[in-house]
Amino acid sequence: MTDSWWKKSVVYQIYPRSFADSDGDGMGDLRGIIAHLDHLAELGVDVLWLSPVYPSPQDDNGYDISDYQDIEPLFGDLATFDELLSGAHARGMKIIMDLVVNHSSDEHPWFVESRSSKDSPKRDWYWWRPARDGMQPGAPGAEPTNWGSVFGGSSWEFDEKTGEYYLHLFSRKQPDLNWENPAVRQAVYDMMRWWLDRGVDGFRMDVINMISKDVSLPDGRLNAGSAYADGSAAFIGGPRLHEFLQEMHREVFEGRDGLLTVGEMPGVTVDEAILHTDPDRHEVDMVFQFDHVWVDRGPDPWRLLPLQLTQLKAILGRWQAGLAEAGWNSLYWNNHDQPRVVSRYGDDSPAHRVASAKMLGTVLHLHRGTPYVYQGEELGMTNYPFGGIGDFRDIEALGQYRQAVELEGRTPEEVLTVLRARGRDNARTPMQWDDSPNGGFTTGTPWLPVNPNHREINAKAQRADPDSVFHYYRRLIELRKTEPAVAGGDFTMLLPDDERLYAFTRRLGGTELLVIGNFSGVEAHAPIDGWDGAELVLTNLDEAPKDLTLAPWQAVIYRRSV
Ligand code: TEU
């Protein structure tokens, strides 16, 4: 992977269950994606990232894989997958797969065999441990460590048959694979080569910074008021992570060109990310960091914090500076785990939704890095009006609600307030294609309801309207292709202390761009000199600002020669 074509590219994430249903079962599928490839080509994206499409019991919507080398029947089959791949390639778009190998499904044959007996040849493919010293196996508190799972409850499941526990950092149906075992690693590399041989163009690697664990599995720190401890010090960026990623690179990617690898790494630091993405170290092309989506999260998980723009700028500015010389940033506001950004950092009221969605897109896409667009973001799709806990489907929302309300004494209302604003189901309501009853997503009953605002917010209407969020995103993506400073320019943050304006410059050779976004509903002046008479490249409102005084939620891009 010597070329870095992905620096000039934009990636579009598809969450297949919620993208488009071709057969009326209420669940999106591969043929649905094929039917909408022209929407993606018109938008101008270069790469499609498919969330998992493999056979799965769907405990975590496909992030629990029971067969790594086939297609989930709900979504289609391998022949349809090949058709999708060639349909994308024919339109100049690549496809990267989701690689979920920190854990498998408990229904994967590897785990079925592993749990069958203590002497199974695959016993050591997962993390099996006896009860805590001196405790009765299966008794409350006898788990091998005090770690909580991300989805609520203990991260250990007791297995009656062999009297031991297995580790699952996520759901009990997602047992963690033991990467210490070289046979596990070889099986994963084999499978990855198989997909590349089939023609796929790379991988997005799920929680890949959790694959190496401190094998002593130490207890974590218990925070006041929580039922379980945070064990992440033992498995985030663990002792052998760099070694494993370099081995994977050697075994899978060496000698193959034109691929993209992006590692999802919750909790990764800038310094670690430099090591992971420095091309000379042969690990991954870029990582997904989380600092900028944790900015509105305080020490208390069940209290909402408003966005503080100065903090957001400090975080993203630190990532821009850190990866300026070696390595590369990914850029994202949204994915299938995050609430809709226009509802979160913008203003989704009718007066400001369109402007703030475009402003957020402008600021993101003009940073140095590879932007990711999550399905529906290009329409300015919003959070869903969830009511009670019965409206949620996500295993994380349900599990965390149970733990908070039943074990930690939280009130349902305080937990629901946070889930409504931040829950993952916000991202997972079906894609809004048109104004028909199910938004053109399905002719059947959608697995998760379509947002009632699909009557106003939908792809069909936006493709016909040159002022829509869709066409604005299309122009942003096009600008990356026509103005080299967008992909290649260096980055300088301006006005770090301003609570309303996000401002920076990009410079490449004799060209400089000035980007300003107003993150507020009031007019704001940017005290920046030297841009009188500069060329206005793009703005999201009808009127250009005068003297750098931006209207509510306005964004501008100026260009000058230097
Ligand atoms: O997510 C990793 C992760 O850390 C998430 O738990 C995320 O931080 C959290 O859900 C935010 O609310 C990946 C996948 O993207 C996610 O969909 C999976 O559930 C998870 O791994 C397990 O595979």
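Residues numbered from 1 in each chain as written. Predicted model: local features only at pLDDT ≥ 70, side-chain atom pairs only at ≥ 80, totals over all residues. Heavy atoms only, no water.

*Asks:* Before we move on, can you summarise the overall build of the chain with the specific residues and values?
*Replies:* Counting its regular elements, the chain contains 16 helices and 18 strands. A compact globule built from 562 residues would reach a C-alpha radius of gyration of about 24 Å, and the chain, at 23 Å, matches this within 12%. Looking at the chain residue by residue over its 562 residues, the buried ones come to 59%. If you take every contact in the chain between residues at least 6 apart in sequence, the share linking residues at least 24 apart comes to 70%. (Helix = DSSP H or I, 4+ residues; strand = E, 2+ residues; numbered from the N terminus. Rg over C-alpha atoms; globule rule 2.2 N^0.38 Å. Buried < 20%, exposed > 50% of the residue type's maximum accessible area, 1.4 Å probe, protein only. Contact = heavy atoms within 4.5 Å.)

*Asks:* Any details on the site of the ligand? Residues and values, ideally.
*Replies:* In the region of the ligand, 18 residues are neighbours, and Asp60, Asp206, His336, Asp337 and Glu396 sit closest. Within the side chain of His336, an N or O atom sits 2.9 Å from an oxygen atom of the ligand. One of the side-chain N or O atoms of Asp337 is found 2.5 Å from an oxygen atom in the ligand. For the ligand, the protein covers 91% of the area, taking 490 Å² as the surface of the free molecule. (Near = heavy atom within 4 Å. Polar contact = N/O pair within 3.5 Å; in protein donor to acceptor, adjacent residues only side chain to side chain. Areas by Shrake-Rupley, 256 points an atom, 1.4 Å probe, with all protein chains shown as cover.)

*Asks:* Before we move on, could you go through the environment of Trp125 and cite the residues and values that matter?
*Replies:* As for its placement among the helices and strands, Trp125 is situated in the loop between α4 (109-116) and β4 (128-129). Here Trp125 falls in the buried class, since its relative accessible area comes to 9%. Separated by 52 residues in sequence, Trp125 and Leu177 place their C-alpha atoms 5.9 Å apart. Other than its neighbours up to four places away in sequence, Trp125 contacts Trp110, Asp176, Leu177, Asn178, Asn181, Ala183, Val184 and Ala187.

*Asks:* Tell me about the packing of helix α5 (residues 182-198) against helix α6 (residues 241-253), and name the residues and values.
*Replies:* Remark: α5 packs on α6, axes separated minimally by 9 Å, with the N-to-C direction vectors making an angle of 40°. Between α5 and α6, the crossing angle belongs to the class labelled oblique. In terms of crossing hand, the pair formed by α5 and α6 is right-handed. Packed against α5, whose contacting residues are Arg185, Gln186, Tyr189, Met192, Arg193 and Leu196, the element α6 presents Phe244, Glu247, Met248, Glu251, Val252 and Phe253 at the interface. Looking at the contact of α5 with α6, its residues break down into seven nonpolar, one polar and four charged. (Axes fitted to C-alpha atoms, helices over the stretch in contact; angles between N-to-C directions. Parallel < 35°, antiparallel > 145°, perpendicular 65-115°, else oblique. Left-handed = near helix turned anticlockwise from the far one by under 90°. Nonpolar A, V, L, I, M, F, W, Y, C, P; charged D, E, K, R; others polar.)

*Asks:* Describe the domain arrangement of the chain, and please don't skip the residues or the numbers.
*Replies:* Here the domain parsing of the chain yields domain 1 (103-178), domain 2 (385-423) and domain 3 (489-561). Taken over C-alpha atoms, the centre of domain 1 sits 53 Å from the centre of domain 3. (Domains from an automatic or database assignment.)

*Asks:* Describe the packing of helix α10 (residues 353-365) against helix α15 (residues 469-482), listing the residues and the values that go with them.
*Replies:* At their nearest, the axes of α10 and α15 sit 10 Å apart, and the two run at 15° to each other. Here α15 runs roughly parallel to α10, going by the angle between their axes. Relative to α15, α10 is oriented so that their crossing is right-handed. Across the interface between the two elements, Val354, Ala357, Lys358, Gly361, Thr362 and His365 of α10 pack against Val469, Tyr472, Tyr473, Leu476, Ile477 and Arg480 of α15. Taken together, the residues that form the contact of α10 with α15 break down as seven nonpolar, three polar and two charged.

*Asks:* Kindly report on the sheet that holds strand β1 (residues 11-14), identifying the contributing residues and their values.
*Replies:* Spatial ordering of the open sheet is given by β9-β8-β7-β3-β2-β1-β11-β10, a layout of eight strands whose pairing is parallel. In this open sheet, the two strands that pair with only one neighbour each are β9 (286-288) and β10 (330-331). Packed onto the sheet, α5 meets β3 (94-99) and β7 (202-205) and runs at close to 135° relative to β7. (Pairing = 2+ DSSP bridges.)

*Asks:* Tell me about the pattern of salt bridges, residues and numbers included.
*Replies:* A complete count under the given rule lists 41 salt bridges for this structure. Note that Arg424 is salt-bridged to Asp394, the shortest N-O span being 2.8 Å. With Arg424 in the loop between α12 (412-422) and α13 (425-428) and Asp394 in the loop between β11 (370-374) and α11 (395-407), the pair connects residues that are 30 residues apart, well separated along the chain. Overall, the relative accessible area of 7% leaves Arg424 in the buried class. The salt bridge partner of Glu414 is Arg410, with a shortest N-O separation of 3.7 Å. What makes Glu414 partly exposed here is its relative accessible area of 21%. Overlapping salt bridges bring together Asp60, Asp337, Asp394, Glu396, Arg424 and Arg428 as one network. (Salt bridge = Lys/Arg side-chain N within 4 Å of Asp/Glu carboxyl O.)

*Asks:* An account of the side chain of Asp60 is requested, with residue identities and associated values reported.
*Replies:* As for its placement among the helices and strands, Asp60 is situated in the loop between β2 (47-50) and α3 (78-90). Within the structure, the side chain of Asp60 is placed 3.1 Å from the side chain of Arg424, a separation counted as a polar contact. Beyond its immediate stretch of four places on either side in the chain, Asp60 contacts Phe151, Gln174, Ile395 and Arg424.

*Asks:* Outline the nonpolar core, listing residues and values.
*Replies:* Formed by 133 residues in total, the largest nonpolar core has its most connected members in Tyr12, Leu48, Met97, Met192, Trp195, Met248 and Phe519. Here this core gets eight residues from one element, more than from any other, and that element is α5. Counting contributing residues, this core receives three or more from each of domain 1 (103-178) and domain 3 (489-561). Residues within four places of Leu48 in sequence aside, it is in contact with Tyr12, Ile14, Leu37, Leu40, Ala88, Met93, Lys94, Ile95 and Ile96. In this structure, Leu167, Leu169, Val207 and Phe235 belong to the second largest nonpolar core, which totals 16 residues. (Core = buried A, V, L, I, M, F, W, Y, C linked by side-chain atoms within 4.5 Å.)

*Asks:* Outline the pairing of strand β14 (residues 511-518), listing residues and values.
*Replies:* Counting buried positions along β14 gives seven out of eight residues, so the element sits mostly inside the fold. Sheet topology note: the strand β13 (residues 501-508)/β14 ladder contains eight bridges and is antiparallel. Directly across from Arg506, in β14, lies its bridge partner Leu513. Two successive antiparallel strands, β13 and β14, enclose a turn made up of two residues, where Gly509 displays a positive phi of approximately 55°.

*Asks:* Run through the sheet that holds strand β6 (residues 164-167), naming residues and quoting values.
*Replies:* With respect to topology, three strands assemble into an open sheet ordered β4-β6-β5, the strand pairing being antiparallel. Where the open sheet ends on each side, the last strands, each with one partner, are β4 and β5 (156-159). As judged from the four bridges shared by β5 and β6, these two strands associate in the antiparallel manner. Pairing of Trp156 across the sheet is with Leu167, part of β6.

*Asks:* Before we move on, could you go through unusual backbone geometry and cite the residues and values that matter?
*Replies:* Even without being glycine, Asn61 reaches a positive phi, approximately 50°. Here Asp547, not a glycine, exhibits a phi torsion of approximately 50°, which is positive. Residue position: Asp547 is located in the loop between β16 (535-539) and β17 (549-550). Look at Asp547 and you get exposed, because its relative accessible area is 63%.

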